[in-house]
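# Structural characterization, general
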Amino acid sequence: MAGRGTVKPHSGFNANNDAEVLYKAMKGLGTDEAAILQLLTARSNAQRQEIKAAYKTLHGKDLVDNLKSELGGKFESLIVALMIPPIMYDVKCLRDAIKGAGTDEKVLVEILASRSPNEVSQIKSLYKREHNDDLEEDVCGDTGGHFQRMLVVLLQASRQQGIQEDLIQSDAQALFAAGEQKFGTDEGQFITILGNRSNAHLRKVFEEYRKLSGYEIEESIQRETSGTLQEVLLAVGKKYTNIYTPLSIKYAGTDDKTLIRIMASRSEVDMLDIRAEFRKRFATSLHKMIQGDTSGDYRKALLLLCGGDDA
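Residues numbered from 1 in each chain as written. Predicted model: local features only at pLDDT ≥ 70, side-chain atom pairs only at ≥ 80, totals over all residues. Heavy atoms only, no water.

Going by an unreviewed UniProt entry, the protein carries the name Annexin and comes from Cyprinus carpio carpio. Of the protein, the UniProt comment under Sequence similarities (unreviewed entry) reads exactly: "Belongs to the annexin family." (UniProt positions renumbered as here; feature names shortened; annotations may be inferred.)

Let's shift gears to the layout of surface pockets. In this structure, the largest pocket encloses a volume near 690 Å³. S114, S116, E119, R266 and V269 are, among the 31 residues lining the largest pocket, the residues nearest its centre. Broken down by secondary-structure element, the contributors of at least two residues to the lining of the largest pocket are α6 (86-99), α8 (117-131), α13 (199-213) and α17 (256-266). Broken down by element, the lining of the largest pocket gets its largest block of residues, four residues, from α6. Within the lining of the largest pocket, the residues separate by chemical class into eleven nonpolar, nine polar and eleven charged. (1 Å grid on protein atoms, 1.4 Å probe; cavity = no way out; pocket = protein on both sides within 12 Å on 5 of 7 lines; lining within 4 Å. Points joined across faces, edges and corners; volume = space filled by probe spheres on them. Helix = DSSP H or I, 4+ residues; strand = E, 2+ residues; numbered from the N terminus. Nonpolar A, V, L, I, M, F, W, Y, C, P; charged D, E, K, R; others polar.)

To continue, consider α8. Here α8 is 15 residues long and its end C-alpha atoms lie 21 Å apart, about the 21 Å a rise of 1.5 Å per residue gives. Packing partners of the buried residues in α8 comprise α6, α7 (105-112), α9 (135-142) and α10 (145-155). Looking one or two places after α8, you find N132, whose phi comes out positive at around 55°. (Expected span 1.5 Å × (residues − 1). Contact = heavy atoms within 4.5 Å.)

Attention now moves to the environment of L39. Relative to the helices and strands, L39 is located in helix α2 (residues 33-40). The buried category is assigned to L39, whose relative accessible area is 6%. Through-space distance from the C-alpha of L39 to that of D18 is 7.6 Å; in sequence the pair is 21 residues apart. (Buried < 20%, exposed > 50% of the residue type's maximum accessible area, 1.4 Å probe, protein only.)

So, on to the pattern of salt bridges. Under the criterion given, the structure shown has 21 salt bridges. When the shortest N-O distance is used, the salt bridge between R4 and D273 registers 3.0 Å. With R4 in the segment before α1 (15-26) and D273 in helix α18 (residues 271-281), this residue pair connects regions lying 269 residues apart in the sequence. A salt bridge links K106 to D255, with the nearest nitrogen and oxygen atoms 2.9 Å apart. You can see K106 sitting in helix α7 and its partner D255 sitting in the loop between α16 (244-251) and α17, a full 149 residues away along the chain. On the accessibility criterion, K106 (23% relative accessible area) is partly exposed. Take D255: its relative accessible area is 18%, and that puts it in the buried class. Counted as one network, the salt bridges with shared partners bring together R95, K99, D133 and D138. (Salt bridge = Lys/Arg side-chain N within 4 Å of Asp/Glu carboxyl O.)

Another point: helix α5 (residues 73-82). The buried fraction of α5 is high, at seven of ten residues. Those residues of α5 that fall on the buried side of the exposure criterion are F75, E76, L78, I79, V80, A81 and L82. Check the buried side of α5 and you find it contacts α2, α3 (45-59), α4 (63-70), α6, α17 and α20 (296-306).

Okay, here's the thing in structure tokens:
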């Protein structure tokens, strides 16, 4: 997984120098947006946190507040997202998804299905600290049925690590028996296995499942389940959430909220995989889609995060 991002830590990094560049870009009349976007998209999130601290030390001002007052629109939203530490950003996105008008299930799936148990634990404790609410209770208050059960399993942050060779065969058989082999579907079995096994283990199980049933697991999930449960099951067991990423970007006529969330949170993690998956699914590249659907400094910053064209 390491090294699948397009944004890498900048070598020769100097937080004070970067803080000065940003200060000059916002000082006086007019703002040098190009300097801001070129610098921030070329630094890792950890480096951006150091720049934020240096900026405060040198100028006695909050960098994010200054950026907000100088920038506007979607460009501002993207730059501000880049300045938030990853776990804090996940907490913010989950909170918005739960507390906004109606629940944005897509965000719950995207985050909870793709984060490691350790990350889920950190998300839960930071959510509690920031909002004095229990994330699991909030999720349960806003969801129901099998979908809710699957999210609760993921929120336990107890997905097993590594591959358990002795369970591969029996897991594949249990999934086959719970779906294709029976009339109706035993959703509980899908939830237990997909919610509790590691991604690496599940990839082995899915290979075994294909040999056993003649079907790809995705085909069976699509036939045997529906709605939000289907979406979360499809997202789990992937090494990245490639179900949502390309689809939501492609079909929402540029759903900017989703685009910003993915580009900000995945650029350091697995953007290369997301690009490859996008290219495979659609007759165009993520780069071309961004170029065609966005404009201005917002577009420039997104393209730098995207990091290349898979024409």
